[in-house]
Amino acid sequence: MATTTETAGPTPGQAAFLEAVSTRLPSVRLLTDPVDRESYRSDETPYLHPGLPLAVALPTETADVAELVRIAALHMIPIVPRGAGTGLSGGAGGIDGGLTISFTKMDRVLEIDKDNLCVVTQPGIINADLKKAVAAEGLFYAPDPASYEMCSIGGNLGTNAGGLCCVKYGQTRDSVLGLEVVLANGAVIRTGGKNIKDVAGYALTHLFVGSQGTLGLITEATLRLRPTPPPRATMLAFFPTLEQAGDAVSGITAAGLGPVTLELLDQFTIQAVDDYQNLGLDREAAAMLLIESDLPDAAAEVELTAAEAACTAAGASMLVRARDAQEADWLRQARRMAYRALEQLGVVRMEDIGVPRSRVPEMLVAIEAVAKRYDVRIATFGHAGDGNLHPNFVFDRDDPRAEEITETARVDLYRDALRLGGTVTGEHGIGTTRRNFLELQRGGDAVKVMRSIKHALDPLGILNPGKVV
């Protein structure tokens, strides 16, 4: 594979590649200055050490992407697809001597089909902007990552992103009807379409979603929409212990409730958010649940009342309901701002584990044990309603232990999650940060199948090499 150093100029082969791109795609912006390339080196996992791209291309059309891939294949240049760069697994990290294809200029909504409740969009659009576009037509796009105001749809597709609405509406994959994908040889295929039911052949759409650009480059997506639901009814529940909060989650699930949001914050996170946003939260509580219903009218009141009963049975110390939409938004900010609030306290290393919902209480206990074992602060928040938790290691900015403890302690977290029947990543993806743990979860034979699929679709190994498998 072609390589370069950060100080040396391009090799003859790399120079030939750059010349070919400039000649064959003169309208495509190509960044080659080291300062420009530096900003495309990392995603939101800055503790990794990715390479410096040879160049960054910013195409605007599928045909541009296909030609870039053909030229890269001819010159054996590795390709890294990149959205907004908000990923948390290293999936968009640069490769020395590679071409990063940034999709930020492919950000157009191509069609909003109200009759078929779907939208056709390019991948570079920001999640929040897509939501606004379809909301203007009385429609709702459900996937709702905490970073929705910054992350792109392409990045969401690449990682099969989750979010605050997963407990009711599922992950990104559950809202994808079809894709347009550029393969490693430059061919363009379409998977799926506007049909709700379509079982013709293999489920290629689901294969590409979550593959982090290792199997093909997504250049267009047909996404499922829903009629806009009513404004949410919102409630906070505070608990004396983490285990009681976990018991409340289990109780809500056992009661057959389907809240649109069921999020957890531990005491460390509650206090950090309250310091950051001054929301007047119960700082003495060991845990807080954010519970929301988007059912119509009285049905929302019924659902929250039933959730309140489950929380009370689990030992809730305080219950707070929003009185109007503005207050609901304030309460919701407690969860949305959790990561940013923790960043005010030092260096934060976020993890992304998941367990069956009934095992959430046990996983919370295990996280506390890891914190004591390594004498490290761990702030936990996450999507408790679907078992997806985010333990965050928080270090002082000058703590020399940060990298070493993160590497060792997270292994314990992964093993605890797997012991409870869970996963090493619920929504952030394998990328590079968890690549060494994929086989631990899936087993050697399953990983061999994944690698055989990778080789079949990318025989030259140029699509985001070193990621996932």
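Everything discussed here concerns the structure shown above.
Described below are features of the structure shown in this document. Along each chain, numbering runs from 1 in the same order as the chain's sequence is written. Totals for whole chains, interfaces and linings use all residues, but because this is a predicted model, local features are given only for residues with pLDDT of at least 70 and pairs of side-chain atoms are given and counted only at 80 or more. Side-chain measures here rest on the full set of heavy atoms in the structure, leaving out hydrogens and waters.

So, on to the pattern of salt bridges. Salt bridge criterion: a side-chain nitrogen from Lys or Arg within 4 Å of a carboxyl oxygen from Asp or Glu. A complete count under the given rule lists 30 salt bridges for this structure. As a salt-bridge pair, R41 and E38 come within 2.9 Å of each other at their nearest N and O atoms. Accessibility here uses a 1.4 Å probe with only protein chains present; expressed as a share of the type maximum, an area under 20% marks a residue as buried, one over 50% as exposed, and anything in between as partly exposed. Judged by relative accessible area, which is 39%, E38 ranks as partly exposed. Note that E61 is salt-bridged to R108, the shortest N-O span being 3.1 Å. With E61 in the loop between β2 (55–58) and α3 (62–75) and R108 in the loop between β4 (99–102) and β5 (109–113), this residue pair connects regions lying 47 residues apart in the sequence. On the accessibility criterion, R108 (33% relative accessible area) is partly exposed. Look at the salt bridges and you will find they share partners, linking R232, E292, D329 and R332 into a network. Numbered from the N terminus, helices here are DSSP runs of H or I no shorter than four residues, and strands are runs of E no shorter than two.

Quick look at the pairing of strand β3 (residues 79–82) now. Here β3 shows no split at all, with I79 and P81 on one side and V80 and R82 on the other all buried. Note: β3 against β4, four bridges, orientation parallel. Looking across to β4, one finds that R82 is bridged to S102. A pair of strands counts as paired when DSSP detects no fewer than two bridges linking them.

Time to look at the nonpolar core. Residues belong to a common nonpolar core when they are buried Ala, Val, Leu, Ile, Met, Phe, Trp, Tyr or Cys residues joined through side-chain atoms within 4.5 Å. Counting residues in each nonpolar core, the largest one holds 48 residues, and the members touching the most others are F239, L289, I291, C311 and M363. For this core, the secondary structure elements donating two or more residues are β12 (233–239), α8 (242–254), β13 (261–266), β14 (287–293), α10 (298–314), α13 (360–374), β19 (388–395) and α14 (402–419). Core analysis: the next-biggest nonpolar cluster, separate from the first, contains 27 residues, A55, I71, L99 and L463 among them.

Quick look at the packing of α13 against α14 now. Interaxial angle, 0 to 180 degrees, is taken between N-to-C directions of lines fitted to C-alpha atoms, where a helix line uses only the stretch in contact. At a minimum axis distance of 10 Å, the contact between α13 and α14 shows a crossing angle of 155°. With respect to each other, α13 and α14 are oriented roughly antiparallel. When you trace α13 past α14, the crossing you get is right-handed. Contacts between α13 and α14 involve M363, A366, I367, V370, R373 and Y374 from the first element and I405, T408, A409, D412, L413, D416, A417 and R419 from the second. For this classification, Asp, Glu, Lys and Arg are treated as charged, while Ala, Val, Leu, Ile, Met, Phe, Trp, Tyr, Cys and Pro are nonpolar and the rest, including Gly, are polar. Looking at the contact of α13 with α14 residue by residue, the class counts come to nine nonpolar, one polar and four charged. Every angle not falling under 35 degrees, over 145, or within 65 to 115 is termed oblique; those three ranges are roughly parallel, roughly antiparallel and roughly perpendicular. Crossing handedness is defined as follows: a turn of the near helix away from the far one that is anticlockwise and smaller than a right angle gives a left-handed crossing, while the clockwise case is right-handed. The contact rule is simple, with two residues in contact once any of their heavy atoms fall within 4.5 Å.

Moving on, we get to the environment of I189. Of note, I189 is situated in strand β9 (residues 188–192). C-alpha of I189 to C-alpha of I218: the two residues are 29 residues apart in sequence and 9.8 Å apart in space. Not counting residues up to four positions away in its chain, the partners in contact with I189 are L179, E180, V181, L183 and F208.

Here we have four strands laid out as an open sheet, ordered β1-β2-β4-β3, and mixed in their pairing. Edge positions in the open sheet fall to β1 (29–31) and β3, since each of these has one partner strand only. Ignoring strand direction, the axes of neighbouring strands in this sheet form an average angle of 25°.

Since the α-helix advances by 3.6 residues per turn, residues separated by three or four positions end up pointing in the same direction. Expected span, for any helix, means 1.5 Å times one less than how many residues it has. A rise of 1.5 Å per residue sets the reference length of α14, with its 18 residues, at 26 Å; its end C-alpha atoms lie 25 Å apart and thus fit the reference within 8%. Considered for burial, the residues of α14 that qualify are A402, I405, T406, A409, R410, V411, D412, L413, Y414, D416 and A417. Once α14 ends, the next one or two residues include G421, with phi positive near 80°.

Moving on, we come to the packing of α8 against α13. Interaxial distance between α8 and α13 falls to 8 Å at its minimum, and their mutual angle equals 160°. Put simply, α8 runs roughly antiparallel to α13. Read as a crossing pair, α8 and α13 show a hand that is right-handed. Two secondary-structure elements touch here, α8 through L242, E243, G246, D247 and S250 and α13 through V360, P361, L364, V365 and E368. Counted by class, the contact of α8 with α13 contains five nonpolar, two polar and three charged residues.

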